[in-house]
Amino acid sequence: MSAPLLDMTGLCVAVPTPGGWLTVVEDVRLRVAAGKVCGLIGESGCGKTMTALALLGMEGFQGWRRTGGRALFYGRDLFAQDAAAWRSFRGAGAAMIFQEPLSALNPVLTCGRQAAEICIAHGLAGKTGAKARVLELFTQTGLPDPDFAWSAYPFELSGGQRQRVMIAMALAGEPKLLLADEPTTALDVTIQAQILRLLRQTVDARAMGLILITHNLGVAAQLCDEIVVMYAGEVVESADVFSFYAGPAHPYSAGLLASLPSRAPERPAAGFGGIEGTVPAPANMPPGCRFAPRCPRVGEVCRTQRPVLTEIAPGRFVRCFFPLTGEAP
Amino acid sequence: MNAAMLELAGVRKAYPGKGAPLGSRAPERVALDGVDLTVNRGEIHALVGESGSGKSTLGRLALRLEAPSAGRIVFDGRDITRASEKELSALRPRMQIVFQDPSGALDPRYSAAEALAEPFLAPGRFLPKNEVKNRAVELMRLAGLPESLLAAYPHQLSGGQRQRLCIARALALNPDFLVLDEPVSALDVSVAARILALLADLRSRLNLTYLFITHDLSVVARLCDTVSVMLQGRIVETGPAQCVLAAPSHPYTAGLLAAMPVANPRRREEMPGGSAPGPRWER
C-alpha cells in the first residue's frame with residue numbers, strides 16, 4: 001500500500017447538551033491512500049457524517065466541536081491549521097459530495113454558475129475561462145448535454161444528472177480527497193450503478209482518495225478497497241474489502257452482513273437476520289463494550305471493560321474481546 | 001370465497017397536463033396505462049420499479065384513494081371502480097396502508113396510545129375506553145413493541161419503532177389487505193431485516209394479503225411470493241418471485257437485477273453501469 005494521503009487518528013467530537021458537552025464520536029482512525037476508496041460503514045447516527053464534516057473543519061458552523069485527534073494530510077496536520085488555511089483546503093484539498101443534490105445545490109443559481117464560482121474562488125480560472133473549464137468537467141462527469149446543464153437550474157435536471165453536477169462541482173477545485181456522503185441513496189438502482197462507476201473512474205484517473213460514507217454494504221463491496229465499520233461513535237472494525245466480506249471479525253459487522261437480503265437466497269427463507277435491540281443513546285452508553293447489550297457473543301468482560309481497537313492481522317483492526325475468526329458469516 | 005383479493009383490469013390513470021401556452025391544452029401525463037394486476041388472497045405481491053414508474057399511483061388506486069381514468073378495480077369480488085365514499089368507508093377498515101416514512105405518517109402531537117386509539121373514534125367503530133386501551137396493548141404486542149412505549153411520542157421512538165407503530169395502527173381494525181409502500185426503504189439494514197421478519201410473521205398469523213411496493217429487488221427475494229415489474233406506467237413482467245429473479249424474461253427486469261449491487265467484492269466486475277451517461281430507461 002502506498003503512503004496514505006490522509007492519516008487520521010484519535011478523532012473525538014462532542015456536541016453541546018443541557019448537561020454539558022457529550023462525546024459522540026470517539027477515537028476514530030481512518031487512513032486513505034491515493035487512488036483508493038475507503039468505505040465508512042454504519043447505521044444512522046453512528047457518527048459517519050460528523051467524521052467527514054470534522055475532516056473539512058466544519059464544526060464551527062454546526063455547533064459541535066472537535067475535542068481531539070490528529071489528521072495528517074500530506075504530512076501536514078489539518079487540525080492545527082487556521083481558518084484561512086481551512087478555507088483553501090475545502091474544495092482544493094478535500095471536497096464533499098452530498099446525499100441529496102437537490103438540497104445541496106442552490107436552487108436560484110444555474111448549475112454552471114455554481115460550478116464556475118468554485119473554479120474562480122480557487123484561482124483555477126478567471127471569469128472568462130471558467131465556462132470552458134466547467135463544460136469540460138460536466139463532460140468528464142458524463143452529463144449528456146453539458147451546454148444545457150450549464151444554463152439549467154437544478155430542478156430542471158434528473159436526479160442522476162444532478163448528482164453528476166455535484167460530482168463535477170466537487171472536482172472543480174482539483175481536490176486530492178473526495179468525501180461522498182451516501183452519494184447514491186436518493187437514486188434508482190440503475191442510475192446508482194452509473195454513478196458508482198463514475199466515482200471509481202474518477203478516483204482511478206485522478207489518483208484521488210475517496211471516503212465513501214454509506215450504510216449499503218452492497219454499494220461498499222462494489223466500490224471500496226478498505227472498509228471501516230462504525231458503531232455508536234466508534235470504529236469497531238477496519239479491514240481490506242476482500243477479507244472483510246470473506247469473514248467479518250466484529251459481531252456487529254457480522255450482524256450487518258447477515259441483515260442483507262441476498263438476491264438468490266442461499267440462506268433459507270426462515271431467517272431474516274437483523275440485529276435485536278437499538279443503538280444506545282450517547283448520553284446512556286453502556287460502561288463496557290457499546291455493542292454488548294445487542295451482541296450474541298457477549299461475555300462477562302464485555303459488560304465491564306471497554307475493548308480497544310486491536311490489530312488482529314496485518315492491516316486488520318477490530319474492537320472486540322471475542323472477535324470472529326474467519327468463519328463464514 | 002374469492003381467490004383474488006384485488007383485481008385491476010385495464011386500469012389507466014392520467015393527470016391533467018401543466019404549463020401549456022394560453023389557449024392550448026397541455027398533453028395529459030399518463031401515470032398508469034392499461035394495468036392488469038391480480039393479487040391473490042394470502043400472497044405477498046411485490047410491485048417493483050424505479051421512481052416515476054407508477055408504483056405508488058397504483059397503490060393509491062388499489063385502495064380507491066383515487067379513481068382511475070379508465071378500467072376496473074375489484075376488491076374481494078366487489079367492483080369498487082365507481083364506489084361512493086359511503087360504500088368505500090364500509091370497506092376501508094379492510095384495506096390499510098403503511099407508508100415509507102414513518103415520521104411523516106405519524107402525528108407528532110399524538111402519543112402511541114392516542115395514535116392506536118384514533119381508528120376507534122370514527123362513528124360506527126366506537127369502542128369503550130377500556131377496550132380501546134386493551135386493543136392498543138394487544139396491537140403493541142403484535143408489532144413487537146414494549147407496552148411501556150404506549151405513552152411515548154413519535155420523536156421519542158427510533159425509526160424502527162416508529163415503523164412498527166405505523167404497522168400496529170394499520171392493523172387496528174383487523175384489515176385483510178395491506179398496501180406497504182416502501183415500508184423499509186427509510187430504515188437501516190439491521191432494522192429493516194427485523195421489520196421484514198415482522199411483516200412475514202404477521203402475514204401468516206393474521207392471514208393478511210400484501211401489495212408490497214418497493215424498488216429493492218433483494219427484498220422481493222426474501223419476502224415476496226409474486227412480483228410485478230413496472231416501467232413507465234405499465235406492468236412489463238409478472239410471475240412467481242423466484243422464477244422472475246432467477247430468469248427474468250423482460251430486458252428491463254434483467255437490467256434492474258444486473259444493477260443491484262452485490263455484497264461480494266469479488267463480483268464487482270459484473271457491475272454494469274456502462275459507459276456514462278447510460279441510458280435512462282424511461283427516456
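For the structure, check the block above.
It should be emphasised that the depicted structure is a prediction, and the values quoted were computed from it without experimental measurement. (Residues numbered from 1 in each chain as written. Chains lettered and ligands numbered in written order. Predicted model: local features only at pLDDT ≥ 70, side-chain atom pairs only at ≥ 80, totals over all residues. Heavy atoms only, no water.)

Some details on the overall build of chain A
Here is step 1: Broken down by element type, chain A carries 13 helices and 12 strands.
Here is step 2: Against the 2.2 N^0.38 benchmark of 20 Å for 329 residues, chain A shows a C-alpha radius of gyration of 21 Å, consistent with a compact globule.
Here is step 3: For chain A, the C-alpha atoms occupy an extent of roughly 70 × 50 × 40 Å along the three principal directions.
Here is step 4: Across the 329 residues in chain A, those meeting the buried criterion constitute 55%.
Here is step 5: Long-range pairs, those at least 24 residues apart, make up 66% of the contacts in chain A between residues at least 6 apart in sequence.
Here is step 6: Carbon together with sulfur atoms contributes 55% to the accessible area of chain A, which is approximately 13,200 Å² in total.
Here is step 7: In chain A, the 29 positive side-chain charges and the 28 negative ones have mean positions that sit 3 Å from each other. (Helix = DSSP H or I, 4+ residues; strand = E, 2+ residues; numbered from the N terminus. Rg over C-alpha atoms; globule rule 2.2 N^0.38 Å. Buried < 20%, exposed > 50% of the residue type's maximum accessible area, 1.4 Å probe, protein only. Contact = heavy atoms within 4.5 Å. Areas by Shrake-Rupley, 256 points an atom, 1.4 Å probe, with all protein chains shown as cover. Lys, Arg positive; Asp, Glu negative; His and termini not counted. Charge placed at Lys NZ, Arg CZ, Asp CG, Glu CD.)

Quick word on the layout of surface pockets
Residues and elements named next belong to chain A.
Here is step 1: In this structure, the second largest pocket spans a volume of roughly 780 Å³.
Here is step 2: Around the second largest pocket sit 23 residues that line it, and R90, G91, I118, H122 and M169 are the ones nearest its centre.
Here is step 3: Its residues assigned to classes, the lining of the second largest pocket shows 15 nonpolar, five polar and three charged. (1 Å grid on protein atoms, 1.4 Å probe; cavity = no way out; pocket = protein on both sides within 12 Å on 5 of 7 lines; lining within 4 Å. Points joined across faces, edges and corners; volume = space filled by probe spheres on them. Nonpolar A, V, L, I, M, F, W, Y, C, P; charged D, E, K, R; others polar.)

Describing the environment of V165 of chain A
Residues and elements named next belong to chain A.
Here is step 1: Summarising the element assignment, V165 is placed in helix α8 (residues 159-171).
Here is step 2: V165 gets classed as buried once you look at its relative accessible area, which sits at 0%.
Here is step 3: Linking V165 and L11, residues 154 residues apart in sequence, is a C-alpha distance of 31 Å.
Here is step 4: In contact with V165, other than residues within four places in its own chain, are L105, C111, F138, L143 and L157.

Considering the pattern of salt bridges
Pairs may arise between side chains of opposite charge once their charged atoms sit close together.
Here is step 1: One pass over the structure, following the stated rule, counts 28 salt bridges over all chains.
Here is step 2: Of the charged contacts, one joins R194 of chain B and E276 of chain A as a salt bridge, the two residues approaching to 2.7 Å between their closest N and O atoms. With R194 of chain B in helix α7 (residues 189-206) and E276 of chain A in the loop between α12 (251-259) and α13 (300-304), this residue pair bridges two chains.
Here is step 3: Between D33 of chain B and R12 of chain B there is a salt bridge, and its shortest N-O distance comes to 3.8 Å. In this pair, D33 of chain B is assigned in strand β2 (residues 29-40) and R12 of chain B in strand β1 (residues 4-15), connecting sequence segments 21 residues apart.
Here is step 4: One salt-bridge network, held together by shared partners, links E26, D27, E234, R290, R306 and R319 of chain A. (Salt bridge = Lys/Arg side-chain N within 4 Å of Asp/Glu carboxyl O.)

Remarks on the sheet that holds β2 of chain B
All names here are of chain B.
Here is step 1: One open sheet accounts for four strands, arranged β2-β1-β4-β5; its pairing is antiparallel. Each of the sheet's edge strands pairs with one partner strand only, and the pair in question is β2 and β5 (78-79).
Here is step 2: Pairing of strand β4 (residues 70-75) with β5, which is carried by two bridges, proceeds in the antiparallel orientation. Bridge pairing links V74 to D79 in β5. (Pairing = 2+ DSSP bridges.)

Note that all results are geometric; they support no functional claim without further evidence.
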